[in-house]
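# Architecture at a glance
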Amino acid sequence: NAGVIQTPRHKVTGKGQEATLWCEPISGHSAVFWYRQTIVQGLEFLTYFRNQAPIDDSGMPKERFSAQMPNQSHSTLKIQSTQPQDSAVYLCASSLDETGEDTQYFGPGTRLLVL
Amino acid sequence: GQGVEQPDNLMSVEGTFARVNCTYSTSGFNGLSWYQQREGHAPVFLSYVVLDGLKDSGHFSTFLSRSNGYSYLLLTELQIKDSASYLCAVRWPNYNVLYFGSGTKLTVEP
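Because the structure is a prediction, the values reported are computed rather than measured.

At the junction of the two partners, chain A supplies 21 residues and chain B supplies 16 residues. Interface area for chain A against chain B, summed over the two sides, is near 1,600 Å², with a carbon-plus-sulfur share of 56%. At the junction of chain A with chain B, the criterion picks out zero salt bridges. Connecting chain A to chain B are three residue pairs in polar contact (both at pLDDT 80 or more). For the side of chain A that touches chain B, the secondary-structure elements that each account for two or more residues are β4 (31–38), β5 (42–50) and β6 (53–56) of chain A.

Structure below.
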């Protein structure tokens with residue numbers, strides 16, 4: 001079990017460019033979560049998929065951010081027209097999506113730097 | 001988010017213990033998880049609690065008081081390698097989304 005895989009591990013973009021981040025959840029996990037971590041804001045929820053369907057995107061900035069899960073083996077987070085304030089570590093997590101205890105396992109994150 | 005609060009820093013001495021506190025808004029509470037995060041690495045799951053009382057897991061124990069909106073993570077027989085950030089995350093009934101505190105950076109000194 002390779003755990004949650006995220007690529008790339010580091011990405012540098014210029015202001016106004018697009019950034020696409022990839023996540024491969026643990027095989028057999030039906031829930032995928034995206035979070036963003038900064039020193040100032042801490043770890044913030046962005047969006048959540050269950051069986052590839054978008055369930056809750058209440059944490060996503062309304063403009064420029066979008067997420068998809070085209071198949072059970074990967075999800076993408078896309079940021080259009082990146083801004084310096086988008087610089088953060090973007091973490092993907094997956095879980096079995098069970099009632100009761102439902103442990104989320106995190107990937108190593110993608111560190112995004114917008115210059 | 002969701003009123004999850006943790007102290008920023010905590011220092012303790014090798015061989016002793018450390019208690020990391022977490023408070024949260026009680027409305028709609030549906031479980032609390034503790035994660036350890038080392039610098040530059042992903043959070044690693046430690047424990048999940050949903051019932052009141054102390055849950056002993058050896059090196060790590062967790063306590064929960066639902067009526068008071070309070071939990072703590074207790075680390076015993078501290079080692080230098082326990083130095084890390086410890087994150088408290090609360091789950092509300094809107095599915096399984098976690099709302100994290102800002103984390104407590106624990107420094108264990110010799």
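Let us now look at the sheet that holds strand β8 (residues 74–79) of chain A. All names here are of chain A. The strand order across the open sheet formed by four strands is β1-β3-β8-β7, and the pairing between neighbours is antiparallel. Strand pairing shows two members of the sheet lacking a second neighbour, β1 (5–7) and β7 (65–71), which therefore form its edges. Neighbour to neighbour, the strand axes of the sheet diverge by 20 degrees on average, direction disregarded. Pairing of β7 with β8, which is carried by five bridges, proceeds in the antiparallel orientation. Following the sheet pairing, Gln-68 is matched in β8 by Thr-76.

Here we take up the layout of surface pockets. What the largest pocket holds in volume is close to 860 Å³. Taken together, 34 residues make up the lining of the largest pocket; nearest its centre are Gln37(A), Ile39(A), Gln37(B), Glu39(B) and Ser85(B). Elements represented by at least two residues in the lining of the largest pocket include exactly β4, β5, β9 (88–95) and β11 (110–114) of chain A together with β8 (84–91) and β10 (104–109) of chain B. The leading source of residues in the lining of the largest pocket is β11(A), at four residues. Looking at the lining of the largest pocket residue by residue, the class counts come to eleven nonpolar, 17 polar and six charged. What the second largest pocket holds in volume is close to 230 Å³. Lining the second largest pocket we find 16 residues, and of these Ile26(A), Ser27(A), Gly28(A), His29(A) and Gln72(A) sit closest to its centre. Taken together, the residues of the lining of the second largest pocket break down into five nonpolar, ten polar and one charged.

Once that is clear, we can look at the confidence of the model for chain A. Averaged over every residue, the pLDDT of chain A is 93; the share at 70 or more is 99%. Within chain A, no element has a lower average pLDDT than β6(A), which sits at 92, and none a higher one than strand β3 (residues 19–24) of chain A, at 98.

Time to look at the state of the cysteines. Simply put, disulfide is the name for a covalent bond between the sulfur atoms of two cysteines. Counted according to the given criterion, the structure contains two disulfides over all chains. Through a disulfide, Cys23(A) is tied to Cys92(A); the S-S separation comes to 1.9 Å. When the S-S torsion is -60 degrees, as for the bridge of Cys23(A) with Cys92(A), the disulfide is left-handed. On the criterion of sequence distance, the pair formed by Cys23(A) in strand β3 and Cys92(A) in strand β9 is long-range, its members being 69 residues apart. Across the pair, exposure class does not vary: Cys23(A) and Cys92(A) are buried alike. Across the disulfide, Cys22(B) is cross-linked to Cys88(B) (sulfur-sulfur distance 2.0 Å). One disulfide, between Cys22(B) and Cys88(B), carries an S-S torsion of -60 degrees and so falls in the left-handed class. Of this pair, Cys22(B) sits in strand β2 (residues 18–23) while Cys88(B) sits in strand β8, placing them 66 residues apart in sequence. Of the two residues, Cys22(B) and Cys88(B), neither departs from the other in class, the shared state being buried.

This part is about the packing of aromatic side chains. Throughout the structure, instances matching the rule amount to 14 aromatic pairs over all chains. For the ring pair Tyr35(A) and Phe100(B), a centre distance of 5.7 Å and an interplane angle of 90 degrees mean the geometry is edge-to-face. Taken together, the residues Tyr35(A) in strand β4 and Phe100(B) in strand β9 (residues 98–100) connect one chain to another. Here Phe100(B) falls in the buried class, since its relative accessible area comes to 5%. On the basis of an interplanar angle of 20 degrees and a centroid distance of 4.7 Å, the ring pair of Tyr24(B) and Phe29(B) is categorised as stacked. Taking the relative accessible area as the measure of exposure, Tyr24(B) reaches 6% and is therefore buried. Taken together, Phe33(A), Tyr35(A), Phe45(A), Tyr48(A), Phe106(A), Tyr35(B), Phe45(B), Tyr99(B) and Phe100(B) form an aromatic cluster joined through their ring pairs. Its end group placed over the ring of Tyr72(B), Arg19(B) keeps NZ or CZ at 5.3 Å from the ring centre.

Calculation notes
- Residues numbered from 1 in each chain as written.
- Chains lettered and ligands numbered in written order.
- Predicted model: local features only at pLDDT ≥ 70, side-chain atom pairs only at ≥ 80, totals over all residues.
- Heavy atoms only, no water.
- Contact = heavy atoms within 4.5 Å.
- Buried area = accessible area lost by both parts, 1.4 Å probe.
- Salt bridge = Lys/Arg side-chain N within 4 Å of Asp/Glu carboxyl O.
- Polar contact = N/O pair within 3.5 Å; in protein donor to acceptor, adjacent residues only side chain to side chain.
- Helix = DSSP H or I, 4+ residues; strand = E, 2+ residues; numbered from the N terminus.
- Pairing = 2+ DSSP bridges.
- Axes fitted to C-alpha atoms, helices over the stretch in contact; angles between N-to-C directions.
- 1 Å grid on protein atoms, 1.4 Å probe; cavity = no way out; pocket = protein on both sides within 12 Å on 5 of 7 lines; lining within 4 Å.
- Points joined across faces, edges and corners; volume = space filled by probe spheres on them.
- Nonpolar A, V, L, I, M, F, W, Y, C, P; charged D, E, K, R; others polar.
- pLDDT = per-residue confidence, 0-100.
- Disulfide = S-S within 2.5 Å.
- Buried < 20%, exposed > 50% of the residue type's maximum accessible area, 1.4 Å probe, protein only.
- Phe/Tyr/Trp six-rings, centres within 6.5 Å; stacked < 30°, edge-to-face > 60°.
- Lys NZ or Arg CZ within 6 Å of the ring centre and 35° of its normal.

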